[in-house]
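Examining the three-dimensional arrangement
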Amino acid sequence: MKDENILQGCVIFFSGILSCSILLIIFLIWFNPQYVKNTAQKAREAPVEILKQLTFVRERGNNFQNINEKNPAAILMYHYVRNVDKNIDPTGFSLSVSPTDFRAQIDYLSQNYNIIDFGDFTRGNIPDRAVILTFDDGYQDFYDNVLPVLREYKAPATIYIITEKIGQSGYLSAREILLLSKTNLITIGSHTVSHPNLSTANISNQIREISESRKTLEKITGQKIENVSFPSGKYNDETWQILKTYRFKTAVTIQEGLAYKTKNLFELPRVRVSGSMSLDGLKQKLDDFFQNSQTGGSGAGV
Ligand SMILES: [Zn+2]
């Protein structure tokens, strides 16, 4: 009887210690400041929209016909996709494509061209009639007016961000850039920190503009930033050295023409899509470029 009491006492004693230890561990984890901080951060960074976006993975297969690294690609250059009154803001109008026109263009391109991204291009997976979509400056309307259309047509695109503008009125926020990067459809590229003229900036300024914008975007997205758009298409030999040092893969200019993987990847020409251009105008411009490329010309509209 006495032994039984001792045994029972021991069981209760050790059960008590075990329960207390578990409670203490739970208490320490729960109230650990670092744990609380990390959890709060994760909660901020992974709201429902991010989880939804994560389930959206590009289903586009590379089942293109006639892939050849010598094929040219038309790198289309957009800025804003929004409605602007030509009379009130003529400059803004020329940089803007209306949401209705944009949808019509992507609809046409997805049926008549192969929309690829810079990953396909640099790997040499370039089909006949290849098009790459690019957007300069990082305007907020990309999120509202461009992304839904690209998702609908599963069309990849690259957007080049001016990092000091992030979060300012009319520009994408860090959170929107993160969400875009998670879609697996959008490539985030650098458009420098402050959009300077790189051809006249001294080398230390150039390094700062390129490396800091890259660092900021890598911090936001957690991804490597490998593509650049030169502000106003300006650059010099030093710019190329910096891009090489920082292991960028491509750089686009505002020179008009088709891009070839076999040429210098740090001065890729583009095809401007301006606000005044009708769908027929874009069709004609692309037809002229691709027909000229077949006959060995340098491309129309230079
Ligand atoms: Zn720009």
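Rules of the game
- Residues numbered from 1 in each chain as written.
- Predicted model: local features only at pLDDT ≥ 70, side-chain atom pairs only at ≥ 80, totals over all residues.
- Helix = DSSP H or I, 4+ residues; strand = E, 2+ residues; numbered from the N terminus.
- Buried ≥ 20, exposed ≤ 12 C-beta atoms within 10 Å, placed from the backbone.
- Contact = placed C-beta atoms within 7 Å.
- Expected span 1.5 Å × (residues − 1).
- Bend = angle between axes of the 7 residues up to and from the residue.
- pLDDT = per-residue confidence, 0-100.
- Core = buried A, V, L, I, M, F, W, Y, C linked by C-beta atoms within 7 Å.
- Pairing = 2+ DSSP bridges.
- Right-handed = clockwise from strand over helix to strand, strands pointing away.
- Axes fitted to C-alpha atoms, helices over the stretch in contact; angles between N-to-C directions.
- Parallel < 35°, antiparallel > 145°, perpendicular 65-115°, else oblique.
- Left-handed = near helix turned anticlockwise from the far one by under 90°.
- Nonpolar A, V, L, I, M, F, W, Y, C, P; charged D, E, K, R; others polar.

**Some words on the overall build of the protein**
The helix and strand inventory of the protein stands at eleven helices and eleven strands. For the protein, with 302 residues in total, the buried portion stands at 36%. For the protein, long-range pairs separated by at least 24 residues make up 65% of all intrachain contacts whose partners lie at least 6 apart in sequence.

**Here's the deal with helix α7 (residues 141-153)**
An ideal rise of 1.5 Å per residue puts 18 Å on 13 residues; α7 measures up with 18 Å between its terminal C-alpha atoms. When the local axis directions of α7 are compared, the greatest deviation, roughly 35 degrees, occurs at Leu147, which is followed within four positions by the proline Pro148. Packing partners of the buried residues in α7 comprise β2 (80-81), α5 (99-112), β5 (130-137), β6 (157-161) and α8 (174-181). Looking at the residues trailing α7, positive phi occurs at Lys154, about 50 degrees.

**Digging into the confidence of the model for the protein**
When pLDDT is averaged across the protein, the result is 86; 79% of the residues are at 70 or more. Note on residues 54-58: pLDDT under 50 across the span, and seven contacts to partners over four residues away in sequence or across chains.

**Side note on the nonpolar core**
The biggest cluster of nonpolar side chains holds 63 residues, and the ones touching the most others in it are Ala73, Ala74, Ile75, Leu76, Val131, Ile132 and Ile159. The leading source of residues in this core is strand β1 (residues 72-78), at six residues. Ignoring sequence-local partners within four residues, the contact set of Ile159 consists of Phe135, Gly138, Phe142, Leu180, Ile186, Ile188 and Gly189.

**Some points on the pairing of strand β9 (residues 250-256)**
Within a regular strand, the side chains alternate between the two sheet faces. Where strand β8 (residues 227-229) lies against β9, three bridges are found, and the strand directions are parallel. Bridge pairing in β9 links Ser229 to Val252. As a crossover connection, the stretch from β8 through helix α10 (residues 237-245) into β9 is right-handed. Where β9 lies against strand β11 (residues 268-272), two bridges are found, and the strand directions are parallel. Looking at β11, one finds that Glu256 is bridged to Arg270.

**A short note on the packing of α5 against α7**
Two elements in contact, α5 and α7, have axes separated by 10 Å at closest approach and are oriented at 25 degrees. With respect to α7, the element α5 is oriented roughly parallel. Taken as a pair, α5 and α7 cross one another with a handedness that is right-handed. For the pair formed by α5 and α7, the contact residues are Pro99, Phe102, Arg103, Ile106 and Ser110 on the first element and Asn145, Val146, Val149 and Tyr153 on the second.

**Concerning the packing of α5 against helix α11 (residues 279-294)**
It is the contact of α5 with α11, at a shortest axis distance of 10 Å, that shows an interaxial angle of 35 degrees. The way α5 lies across α11 gives a crossing that is right-handed. The segment α5 lies against α11, with Asp101, Ala104, Gln105 and Tyr108 engaging Leu279, Leu282 and Lys283. Class assignment of the residues belonging to the contact of α5 with α11 gives a composition of four nonpolar, one polar and two charged.

**Observations concerning the environment of Ser293**
Within the secondary structure, Ser293 is located in helix α11. Take Ser293: there are 18 C-beta atoms within 10 Å of it, and that puts it in the partly exposed class. With 36 residues separating them along the chain, Ser293 and Gly257 place their C-alpha atoms 9.7 Å apart.

**Topic: unusual backbone geometry**
With a phi angle near 50 degrees, Arg129 is a residue other than glycine that sits in the positive phi range. Within the element layout of this structure, Arg129 appears in the loop between α6 (118-123) and β5. Residue Arg129 is classed as partly exposed on the basis of its 19 C-beta neighbours within 10 Å.

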